[in-house]
Amino acid sequence: MHLIRKRDWDLPEAAATPEAFALNRRAAIAVMGGAALGFGGIGDALAADVPPPQGYSPSALRFDPGRALTPKKNVETYNNFYEFGLSKDIWRAAQKLPTEPWTVKIDGLVEKPFTISFDDLMKKVKTETRIYRHRCVEAWSITVPWQGFAMSDLVKIAKPLSSANFLRFTTLADQKVMPGLAIPFFPWPYHEGLTMAEATNELAFVGTGLYHQPMPKQDGAPIRAVLPWKYGFKSAKSIVRIEFVKDQPKTFWQQTSPDMYGFWANVNPKYPTLRWSQARERIIGTGQVAPTQIYNGYGKWVASLYAGMKQDKKLFM
Ligand SMILES: Nc1nc2c(c(=O)[nH]1)N[C@H]1C(S)=C(S)[C@@H](COP(=O)(O)O)O[C@H]1N2
Ligand SMILES: [Mo]
């Protein structure tokens, strides 16, 4: 995120001219020109031009990313995990994350609160691979083959009461290994939220691995949310607690920066943040620039969740 210092990724257009970015400027401008004709159209055209990643089952590809996979090395070395520091280069520091044993507490408005070990949870679910694009609010994106299970399965296991309207996720805060917790001003531990309808939507996923290996620590081992239609900050990493609650929970970024980041955080190229455009995104690994699509291109699955709501900035920040 952007808070403390201004960084190159704050303003993708004005990025400190990494070479690849500069070289792709002409392509970006061409894409922008096209985008003025309609984001849907250009997004679809781009998607159709990219062959699906090789060697994946139809089920893994049922949400065709329309992009090449991001090299594994980039996914593992370019991260946001503020508990370990504010730079993208936290992967070494994150190796101190203690993941064994790991438990997740399920409580709040459920039939019976319980704590389950990660290993026992894995015995109760059916894991699968899904290739999703991930769009950070900082206007960069990656395309990742995740392993994990449907978030709706987790909700079933939790047995929420009918009075539960929202889920609240809390992630690990361990001062012994997380230097970021010493940064005042942030409302640690990192916490996020979803509506029940969002959490049980077909797209909502719980990630436990990527590239066919257990989740790397820097990517949120051993268990994280993967919500491809929302800005990346909604996808809480290293989850230790899921509470079912009646009222919309306040989130970490909402509390930190309420005029920048909201509860919904659905991707929309039309609504800039206070400080930069969301119209385009920089593809990590290639440095190419592509137009951003509403709901990050996943509207087919999720737009109906918001059909009854006011379609204003609030839904997209
Ligand atoms: N616990 C925790 N979860 C987090 C974050 C964080 O700082 N701490 N950053 C979020 C943001 S802004 C993004 S873009 C993604 C980054 O996930 P990645 O590093 O695996 O790509 O994690 C999200 N989940
Ligand atoms: Mo992000």
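Keep in mind it's a predicted model, so treat the numbers as computed, not measured.

> So, the overall build of the protein: which residues are in play, and what are the values?
Counting secondary structure elements, the protein contains nine helices and 12 strands. Counting only residues that meet the buried cut, the protein has 56% of its 317 residues in that class. Nonlocal contacts in the protein, meaning residues at least 24 apart in sequence, comprise 72% of its contacts between residues at least 6 apart. As presented, the protein carries roughly 13900 Å² of accessible surface, and 57% of it is formed by carbon and sulfur atoms.

> Lay out the nonpolar core in plain terms, naming residues and giving numbers.
Counting 83 residues, the largest nonpolar core has Met-151, Trp-229, Ile-242 and Phe-244 as the members making the most contacts within it. With five residues, the single largest contributor to this core is strand β4 (residues 140-150). Dropping the residues within four chain positions of it, Ile-242 is found in contact with Val-104, Lys-105, Ile-106, Asp-107, Leu-154, Leu-167, Arg-168 and Phe-169.

> Help me get a handle on the side chain of His-191, residues and values and all.
Relative to the assigned elements, His-191 resides in strand β6 (residues 191-195). On the basis of relative accessible area, His-191 is assigned to the buried category, the value being 5%. Within the structure, His-191 has its side chain in polar contact with the side chain of Gln-255 (distance 2.5 Å). Non-local contacts of His-191, meaning those with residues more than four positions away in its chain, are made with Arg-168, Phe-169, Lys-250, Thr-251, Phe-252 and Gln-255.

> Which residues make up the site of ligand 1, and what values do they have?
In the vicinity of ligand 1 lie 19 residues, with Tyr-82, Glu-83, Asp-219, Arg-224 and Lys-237 positioned nearest. Interatomic distance of 2.8 Å between a side-chain N/O atom of Glu-83 and a nitrogen atom of ligand 1. Notes on ligand 1: free accessible area 530 Å², of which the protein chains cover 99%. For the shell around ligand 1, the residue count by class is nine nonpolar, six polar and four charged.

> I'd like a description of the pairing of strand β3 (residues 128-135), backed by residues and values.
Counting buried positions along β3 yields seven of eight residues, so the element is predominantly enclosed. One ladder, built from eight bridges, connects β3 with β4; its direction is antiparallel. Bridge pairing links Ile-131 to Pro-145 in β4. Two successive antiparallel strands, β3 and β4, enclose a turn made up of four residues, where Ala-139 displays a positive phi of approximately 75°.

> With reference to specific residues and values, describe the packing of aromatic side chains.
In the structure shown here, the tally under the stated rule is 24 aromatic pairs. Ring geometry for Tyr-78 versus Trp-140: centroids 5.0 Å apart, planes at 85°, classification edge-to-face. A residue pair is termed long-range when its members are at least 10 positions apart, and Tyr-78 in the loop between α4 (72-77) and β1 (103-108) and Trp-140 in strand β4 qualify at 62 residues. Both residues of the pair, Tyr-78 and Trp-140, belong to the buried class. Arranged with centres 4.9 Å apart and planes meeting at 45°, the rings of Trp-188 and Phe-252 form a pair that is tilted. Taken together, the residues Trp-188 in the loop between β5 (166-171) and β6 and Phe-252 in helix α8 (residues 252-256) connect sequence positions 64 residues apart. As far as the burial class goes, Trp-188 and Phe-252 line up, both buried.

> How would you summarise the sheet that holds β6 if you had to cite specific residues and measurements?
Picture the strands of a sheet paired through backbone hydrogen bonds; they go either parallel or antiparallel. What the five strands build is an open sheet, ordered β2-β1-β10-β5-β6; its pairing is mixed. Strand pairing shows two members of the sheet lacking a second neighbour, β2 (114-117) and β6, which therefore form its edges. Going across the sheet, the axis of each strand differs from the next one's by a mean of 20°, ignoring polarity. In the packing of helix α6 (residues 151-158) onto the sheet, contacts are made with β1, β2, β5, β6 and β10 (239-245), and the angle to β10 comes to roughly 70°.

> Let's hear about the confidence of the model for the protein: which residues, and what values?
For the protein, the average pLDDT comes to 88, and 85% of its residues sit at 70 or higher. Here residues 2-45 scores under 50 on pLDDT; set against residues more than four positions off or in separate chains, the count is 61 contacts.

> Which residues make up the pattern of salt bridges, and what are the values?
According to the stated counting rule, one finds 18 salt bridges in the structure shown. Here Lys-234 makes a salt bridge to Glu-192, at a shortest N to O gap of 2.6 Å. Remark: Glu-192 occurs in strand β6 and Lys-234 occurs in the loop between β9 (224-226) and β10; sequence separation between them is 42 residues. Note that Asp-247 and Lys-246 form a salt bridge whose closest N and O atoms lie 4.0 Å from each other. Comparing Asp-247 with Lys-246, the two get one shared label, exposed. Residues joined in a network through salt bridges with shared partners are Lys-105, Asp-107, Arg-168, Arg-241 and Glu-243.

> Residues and numbers for unusual backbone geometry, please.
Cis geometry marks the peptide bond from Trp-188 to Pro-189, where omega comes out at -5°. Residue Pro-222 is bonded to the preceding Ala-221 through a cis peptide linkage, with omega at -10°. Here Pro-222 shows up in the loop between β8 (213-214) and β9. At Lys-159, a position not held by glycine, the phi torsion is positive, near 50°. Looking at where Lys-159 falls in the secondary structure, it is placed in the loop between α6 and β5. By relative accessible area, which is 47% here, Lys-159 ends up partly exposed. Here His-212, not a glycine, exhibits a phi torsion of approximately 65°, which is positive. Summarising the element assignment, His-212 is placed in the loop between β7 (205-210) and β8.

Conventions used here
Residues numbered from 1 in each chain as written. Chains lettered and ligands numbered in written order. Predicted model: local features only at pLDDT ≥ 70, side-chain atom pairs only at ≥ 80, totals over all residues. Heavy atoms only, no water. Helix = DSSP H or I, 4+ residues; strand = E, 2+ residues; numbered from the N terminus. Buried < 20%, exposed > 50% of the residue type's maximum accessible area, 1.4 Å probe, protein only. Contact = heavy atoms within 4.5 Å. Areas by Shrake-Rupley, 256 points an atom, 1.4 Å probe, with all protein chains shown as cover. Core = buried A, V, L, I, M, F, W, Y, C linked by side-chain atoms within 4.5 Å. Polar contact = N/O pair within 3.5 Å; in protein donor to acceptor, adjacent residues only side chain to side chain. Near = heavy atom within 4 Å. Nonpolar A, V, L, I, M, F, W, Y, C, P; charged D, E, K, R; others polar. Pairing = 2+ DSSP bridges. Phe/Tyr/Trp six-rings, centres within 6.5 Å; stacked < 30°, edge-to-face > 60°. Axes fitted to C-alpha atoms, helices over the stretch in contact; angles between N-to-C directions. pLDDT = per-residue confidence, 0-100. Salt bridge = Lys/Arg side-chain N within 4 Å of Asp/Glu carboxyl O.

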